[in-house]
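This is what each chain is made of:
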Amino acid sequence: MLVAGAVLVAEAFWLVAALPGAALVSDLGALLVAGWATVACVGAARRQPSPLRRFWTLLAVTMALAALGRATWTAQRLGGGDLPHTPLVGAVFTVGILTGTAALLCSPSAPRTAVGRARTLLDGVIVALALVPIGWVLVFRGVAAAELADPARTLGLLYPMFDLMQLTILVTVAGPVRTAWRPMSVLAASLTIRVLADVGYVSLVARGDYAAGHVIDLCWPLSYLLIGLAARYPPPPDCDGTDDTAEASPPPWWRVALPYLPVGGAIIAVVLARRPTGQTPQLVFVTMMALLAALAVRQGLAANENLRLVVRLRRLAYGDQLTGLPNRLLFNRRLRLALRDGRPVAVLLLDLDGFKQVNDRFGHATGDTLLTGLAARMRAAVDGDGTIARLGGDEFAVLVDGDRPVPPEQLAERLLAALRPSDGDEDVGVHPSASIGIAEYGPQHASHTDLLRDADIAMYAAKAAGKSAYRTCTPALRESAVSRAELIADLRRAVDEEQLHLEFQPIVELATGAVRSAEALVRWRHPRLGVLPPARFLPLAEETGLILPIDRWVIHEACRAAATWRERAPEATVAVNISAAHLRRPDLIATVTAATAGVGLAPRALTLELTESALIEGTEAVLERLRQLRELGIGIAIDDFGTGYSSLSYLHRIPATELKIDRSFVARLGTDDERAYATVEMVTRLAGAFDLAVVAEGVETERQHAAVTAIGCPRGQGYLYGRPDGPGTVGQNRP
Ligand code: C2E
Ligand code: MG
Ligand code: MG
């Protein structure tokens, strides 16, 4: 290093001072530094890891060729030539250009594929070729035509072009991550100096101003010195080729555009070159043709690479990395296509039971191995009768479309059989089974998501039925799975959109069979689920507070209906159920009076039914409210009597007018159950003692009717006398 530096300094002194023998000193200096750089590169090739060995070896060869070329040049110059641009010198330097270029293409940051390297090389060639017409206009025009006729001489004039080609390649391959590797920057500096030197040399020669030993000669040994310097740096930390992150971030736009910028310059140069004579100079013409060819090949390579990238991306986007099965994206795509084409479609949704435990107990690596194995078995089980995909985690799906050789249920059985552990299995201690949900496309499905949702519903039903089972989605299943949240949202609209209606169940005078009263029972005609009984939606309404508007609506509707009955039966009354929440509201009285007054109904024609539990919870304010209702003349019935924890003391406090014996007691009357009989009898007596009216609820049979009549219960309600129905039965006699 020191010696090479000293040689260079001495040479500089000599040339700048223009001492005699400068030409020889210049030749010797270049020879010595090139020789030293060769040794330095050989050293690096020995020391550094194998991926870099070829790079340094090629650089060493390049430096050796530089030394050899310079020695030949010197010998021929001393032998008589002024500037010996002989074929031999030309050949040596040309080989040096080739090895130097090859070295750059073997640098640690160069593309790894042959196609990538060819593309990079072409980028360099394109730049180099584009520079010929530019150089022609700027420099060569002045060179005598005779000189250009000699190929060896022409070659000497083309050196800047090759330098720029190498510089382009270097810039292109100095990928974003590896830029940190110092030697590449040092090489870039070396190449830049050579570009300047060669350009300077060519223009000096063109003008006839060059003589051996010119100060510009210093540039060449300087560029060799830098290469020798680059060889002293340590190798990059990750040069073993395993790191692919360099591919992750795309190069900046200018690096991509770089090879094409000179092409624009070349086109302008061709126009300028034709100016004086109107003819394209032969050299320019030939290079432009070569440039076109290079561009065409480059485009071809790029197109080819793009196609391969597309294939790879497609595999990445549509495939599951672990199992190699199609992924959710591809599955959904195929499903949508099948639906669009109107083919009969079924979907099997499969979830592994107990897979999470495998992951938790044995780790993810074991989980992955198990998944891969199971996926392979399931694929074999489906065996072309459908498309199996991994939707994610432990969820798989099979799409069966077109004319089906096997029904989906049979496919499900095959899948479950495939998952059962067989004898030859490597035992990990846990064998996940699977739950499978099947949905077949039908008119109830608006889109593929509906179909998948149904398969999901069926899959959860299969899980609930115990492990290793399959279920097919039915309308009943679907209905029960319509989520709570959805139902609540629907219920909010139900009152406004008039989806509620009332049915009336007659309450009969047992002695005469006359119907003097009816109980209003609310129903919800759900747009998708059909008519829902109160048990399906009232608990939700109570939780959300929606019970208040519902109750209010019921009170108004019931009063309206009762008002129409009065023409036929002036004494007719209507019973309305009131929720516990409503009873706690002070505005209950206002609601009730507005409803009766609004339709001209006497308050005594209305009875409010309250459950025992609602009454027991009642505070002093509630009791006060009940008393006010009583004073207005409104009846108070204790509903489902006997099911709560009523004590006699509370019967004293509550201003009730009626007891409704719960149907669970009435139901046992037909079965010779002595105690049921005694209970109903006792409650009837009790009611008499408290001066309360009594209704036996849920009378379904003639035996029950006979029993309640014998006990002396005055009134009855039940399917025997009439099911809840439209408002028409009141005022008629039961036959
Ligand atoms: P509830 O007040 O005890 O009403 C009587 C229930 O028994 C009704 O059921 C009726 O259809 C049923 N039923 C009547 N006769 C028979 C029979 O012979 N055998 C059998 N097995 N059942 C009979 P529904 O309509 O399903 O109402 C259930 C409960 O929902 C009602 O019990 C009441 O507590 C509540 N409810 C109904 N409509 C309303 C309303 O508008 N507002 C409020 N807050 N609750 C209501
Ligand atoms: Mg009731
Ligand atoms: Mg009841």
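Note that this is a predicted model, so its numbers are computed, not measured.

(A) Region of interest: the packing of helix 5 (residues 114–138) against helix 8 (residues 159–173). For the pair helix 5 and helix 8, the least separation of the axes is 8 Å and the interaxial angle reads 145°. Considering only the axes of helix 5 and helix 8, their crossing is right-handed. Mapping the contact onto sequence places Thr120, Leu121, Asp123, Gly124, Val125, Val127, Ala128, Leu131 and Val132 in helix 5 and Met161, Leu164, Met165, Thr168, Ile169, Thr172 and Val173 in helix 8.

(B) Quick peek at the layout of surface pockets. Of the volumes computed, that of the second largest pocket is approximately 1,000 Å³. Taken together, 37 residues form the lining of the second largest pocket, with Glu519, Leu521, Pro534, Asn577 and Asp639 sitting closest to its centre. For the lining of the second largest pocket, the elements supplying multiple residues, two or more each, are strand 7 (515–526), helix 22 (534–544), helix 23 (547–565), strand 10 (606–611), helix 26 (612–616) and strand 11 (635–641). Class assignment of the residues belonging to the lining of the second largest pocket gives a composition of 17 nonpolar, 8 polar and 12 charged.

(C) Region of interest: the side chain of Ser203. The topology assignment puts Ser203 in helix 9 (residues 182–207). Relative accessible area serves as the criterion here: at 18%, Ser203 is assigned to the buried category.

(D) Inspection of the environment of Thr172 at higher detail. Its place among the elements puts Thr172 in helix 8. Note on Thr172: relative accessible area 21%, which makes it partly exposed. Through-space distance from the C-alpha of Thr172 to that of Leu104 is 10 Å; in sequence the pair is 68 residues apart. With sequence-adjacent residues up to four places away left out, Thr172 is seen in contact with Thr120, Asp123 and Arg255.

(E) Representation of the packing of aromatic side chains in the model. Considering all chains together, one arrives at 6 aromatic pairs under this definition. Ring geometry for Phe55 against Trp56: centres 4.9 Å apart, planes inclined by 65°, an arrangement best described as edge-to-face. Residue Trp56 is classed as buried on the basis of its relative accessible area of 0%. Here the aromatic rings of Trp524 and Phe537 are separated by 5.5 Å at their centres, their planes lie at 75°, and the arrangement is edge-to-face. With Trp524 in strand 7 and Phe537 in helix 22, this residue pair connects regions lying 13 residues apart in the sequence.

(F) Region of interest: the domain arrangement of the chain. Assigned domains of the chain: these are domain 1 (2–235 + 250–306), domain 2 (328–473) and domain 3 (498–729). Centre-to-centre separation of domain 1 and domain 2, based on C-alpha positions: 63 Å.

(G) Region of interest: the site of ligand 1. Gln505, Asn577, Asp639, Glu700 and Tyr719 are the nearest of the 23 residues found near ligand 1. In this structure, a nitrogen atom belonging to ligand 1 sits 3.1 Å away from a side-chain N or O atom of Asp551. Arg663 is positioned such that a nitrogen or oxygen atom in its side chain is 2.9 Å from an oxygen atom of ligand 1. Compared with its free state, where it exposes 800 Å², ligand 1 has 83% of that area covered by protein. Mapping ligand 1 onto the cavity grids shows that it belongs to the second largest pocket. Only strand 7, helix 22, helix 23 and strand 11 provide two or more residues apiece to the shell around ligand 1. Here the element with the most residues in the shell around ligand 1 is strand 7; it accounts for 4 residues.

(H) Broad picture of the coordination of the magnesium ion (ligand 3). Within the first shell, the magnesium ion (ligand 3) binds the protein through Asp639 (OD), Asp640 (OD), Glu697 (OE) and Glu697 (OE), at distances of 2.1 to 2.4 Å. Look at where the donors of the magnesium ion (ligand 3) fall in the sequence and you get D-D-x56-E. Between the magnesium ion (ligand 3) and the magnesium ion (ligand 2) the interatomic distance comes to 4.1 Å, and Asp639 is a ligand of both metals. In this pair, Asp639 is assigned in strand 11 and Glu697 in the loop between strand 13 (693–696) and helix 31 (702–711), connecting sequence segments 58 residues apart.

Each value, and the rule that gives it
Residues numbered from 1 in each chain as written. Chains lettered and ligands numbered in written order. Predicted model: local features only at pLDDT ≥ 70, side-chain atom pairs only at ≥ 80, totals over all residues. Heavy atoms only, no water. Axes fitted to C-alpha atoms, helices over the stretch in contact; angles between N-to-C directions. Helix = DSSP H or I, 4+ residues; strand = E, 2+ residues; numbered from the N terminus. Left-handed = near helix turned anticlockwise from the far one by under 90°. Contact = heavy atoms within 4.5 Å. 1 Å grid on protein atoms, 1.4 Å probe; cavity = no way out; pocket = protein on both sides within 12 Å on 5 of 7 lines; lining within 4 Å. Points joined across faces, edges and corners; volume = space filled by probe spheres on them. Nonpolar A, V, L, I, M, F, W, Y, C, P; charged D, E, K, R; others polar. Buried < 20%, exposed > 50% of the residue type's maximum accessible area, 1.4 Å probe, protein only. Phe/Tyr/Trp six-rings, centres within 6.5 Å; stacked < 30°, edge-to-face > 60°. Domains from an automatic or database assignment. Near = heavy atom within 4 Å. Polar contact = N/O pair within 3.5 Å; in protein donor to acceptor, adjacent residues only side chain to side chain. Areas by Shrake-Rupley, 256 points an atom, 1.4 Å probe, with all protein chains shown as cover. Sits in = over half its atoms within 2 Å of the grid points. Donors = N, O, S within 2.8 Å, 3.2 Å for Na, K, Ca; no water.

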